[in-house]
Amino acid sequence: MRSPLSDEAEVEVSAPAVFGLVISDDTSRVTTRRALRCSLVLFVWYLICLPVFFFTHNGLSNTLIGVGVVISVIIPCSGYISIKKNDKFASCLFCGCSCAFVILTAFILLLLVLLLSSVHREVRDCNPSDTNTVSGCPNAESWKHLCTVTYADMEDATPQECYDYLKEHLSTISSVIIACMLIAAPALILELLCWWWSQKLYNKLRVGTLIHTPVYPEITTSHRQP
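Owing to the predicted nature of the structure, the values given are computational and were not obtained by experimental measurement. (Residues numbered from 1 in each chain as written. Predicted model: local features only at pLDDT ≥ 70, side-chain atom pairs only at ≥ 80, totals over all residues. Heavy atoms only, no water.)

1. Considering the overall build of the chain
Of regular secondary structure, the chain possesses seven helices and four strands. Counting all 226 residues of the chain, 37% fall into the buried class. Expressed as a percentage of contacts within the chain between residues at least 6 apart in sequence, the contacts between residues at least 24 apart total 71%. On the chain, roughly 12,900 Å² of surface is accessible, and the fraction owed to carbon and sulfur atoms is 63%. (Helix = DSSP H or I, 4+ residues; strand = E, 2+ residues; numbered from the N terminus. Buried < 20%, exposed > 50% of the residue type's maximum accessible area, 1.4 Å probe, protein only. Contact = heavy atoms within 4.5 Å. Areas by Shrake-Rupley, 256 points an atom, 1.4 Å probe, with all protein chains shown as cover.)

Following this line, the structure appears as structure tokens:
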């Protein structure tokens, strides 16, 4: 049963909360809101787009994406803890992981661009049955790797069978790679924004500025007149 006093209690909060964090400084409050929202959007974006990346059948790319998902979990968690505890070490992790994410995604984008260029070149210039293939084409071992790891799962395929498969599915493979690039590009923008805002917060905490300044609510009660 609720007390009559609780019905008339008035709670005053000095500053609007950001994810439950009380930040009195307007600039820090805006920066914190942007950084945490950006990190959460990035995490959701990676979860939604994760299945698309695995269609590349590229072991290195899939490993990098797996690492990216782990980092995307660390970023919002470390960001929230760093502000809540005013912890410069957690803030350093927040900023550092954001920076690492930028580098990782840029590397994945570069990898995808090279992969797209490579597959078109292999189909255009590297038919194993053609005696006039240009230099730099895959050898027998490389063809085996392409058909068992990179583009497909074809055990014991000959170089010619691998080439024929690649030529037949060139459009599909190219579409998947381009889709991955279109997913990674906005992710890179989000990561750059996370890094930019997180380093602003880190610079404040590094010099001892308190961002989260919780104020205990002032509760006033009034008694009903008999």
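2. Brief notes about the confidence of the model for the chain
Averaged over all residues, the pLDDT of the chain is 78; the fraction at 70 or higher stands at 77%. Below a pLDDT of 50 lies the segment residues 1–13, which in the model reaches 16 contacts outside its immediate sequence neighbourhood of four places, other chains included. (pLDDT = per-residue confidence, 0-100.)

3. Structural notes on the pattern of salt bridges
Side chains that differ in sign of charge can pair as their charged atoms come close. The tally for this structure, following the rule as stated, stands at two salt bridges. For D26, the salt bridge is made with R29, and the minimal N-O distance between the two is 2.4 Å. With a gap of three residues between them, D26 and R29 both fall in helix α2 (residues 26–54), about one helical turn apart. Classification of R29 as buried rests on a relative accessible area of 11%. (Salt bridge = Lys/Arg side-chain N within 4 Å of Asp/Glu carboxyl O.)

4. With respect to the packing of helix α4 (residues 88–125) against helix α6 (residues 159–168)
The interhelical angle for the contact between α4 and α6, taken along N-to-C directions, is 115 degrees, at an axis separation of 10 Å. Note on packing geometry: the crossing formed by α4 with α6 is left-handed. Of the residues in α6, those touching α4 at V119, E122 and V123 are Y163, L166 and K167. Of the residues assigned to the contact of α4 with α6, the class counts are four nonpolar, no polar and two charged. (Axes fitted to C-alpha atoms, helices over the stretch in contact; angles between N-to-C directions. Left-handed = near helix turned anticlockwise from the far one by under 90°. Nonpolar A, V, L, I, M, F, W, Y, C, P; charged D, E, K, R; others polar.)

5. With respect to the state of the cysteines
In the structure shown here, the tally under the stated rule is one disulfide. With its sulfur 2.1 Å from that of its partner, C126 forms a disulfide with C137. The sign of the S-S torsion, about -75 degrees, decides the handedness of the disulfide formed by C126 and C137: left-handed. With C126 in the loop between α4 and α5 (140–150) and C137 in the loop between α4 and α5, the pair connects residues that are 11 residues apart, well separated along the chain. (Disulfide = S-S within 2.5 Å.)

6. Here's the deal with α6
Regarding α6, the residues found buried are C162, Y163 and L166. All buried residues of α6 lie within an arc of 100 degrees about the axis, which places them on one face of the element. (Arc of directions from axis to C-beta.)

7. A few points about α4
With 38 residues, α4 should reach 56 Å at 1.5 Å per residue; the first-to-last C-alpha distance of 55 Å fits that figure. Measuring from the backbone nitrogen of F89 back to the side-chain oxygen at the start of α4 gives 2.8 Å, which picks out D87 as the cap. (Expected span 1.5 Å × (residues − 1). Polar contact = N/O pair within 3.5 Å; in protein donor to acceptor, adjacent residues only side chain to side chain.)

8. Re the side chain of T105
The topology assignment puts T105 in helix α4. Residue T105 is classed as buried on the basis of its relative accessible area, which comes to 1%. With residues up to four places along the chain from it excluded, the contact list for T105 reads Y46, A184, L188 and E191.

9. Observations concerning the nonpolar core
Among the nonpolar cores identified, the biggest contains 44 residues, and F101, W143 and I177 are the most heavily contacted of them. Residue contributions to this core peak at 13 residues, all from helix α7 (residues 170–206). Here F101 is in contact with L42, Y46, G68, I71, S72, I75 and E191, once residues within four sequence places are set aside. (Core = buried A, V, L, I, M, F, W, Y, C linked by side-chain atoms within 4.5 Å.)

10. Some thoughts on the environment of Y80
Secondary-structure assignment places Y80 in helix α3 (residues 59–84). C-alpha of Y80 to C-alpha of L21: the two residues are 59 residues apart in sequence and 8.8 Å apart in space. Residues in contact with Y80, not counting those within four places in the same chain, are F19, L21 and L36. A polar atom in the side chain of Y80 sits 3.3 Å from the backbone oxygen of F19.

11. Here we look at the UniProt feature "transmembrane region" (unreviewed entry) in the chain
Per the UniProt record, "transmembrane region" (unreviewed entry) is found at residues 38–57, 63–81, 93–115 and 173–197. Secondary structure content for residues 93–115 is 100% helix and 0% strand, while the C-alpha to C-alpha distance between its ends is 32 Å. Taken end to end, residues 173–197 is 100% helix and 0% strand, and its first and last C-alpha atoms sit 37 Å apart. (UniProt positions renumbered as here; feature names shortened; annotations may be inferred.)

12. Points about the packing of aromatic side chains
Here the structure, examined in full by the defined rule, presents one aromatic pair. With centroids separated by 6.2 Å and ring planes inclined at 55 degrees, the aromatic side chains of W195 and W196 adopt a geometry described as tilted. (Phe/Tyr/Trp six-rings, centres within 6.5 Å; stacked < 30°, edge-to-face > 60°.)

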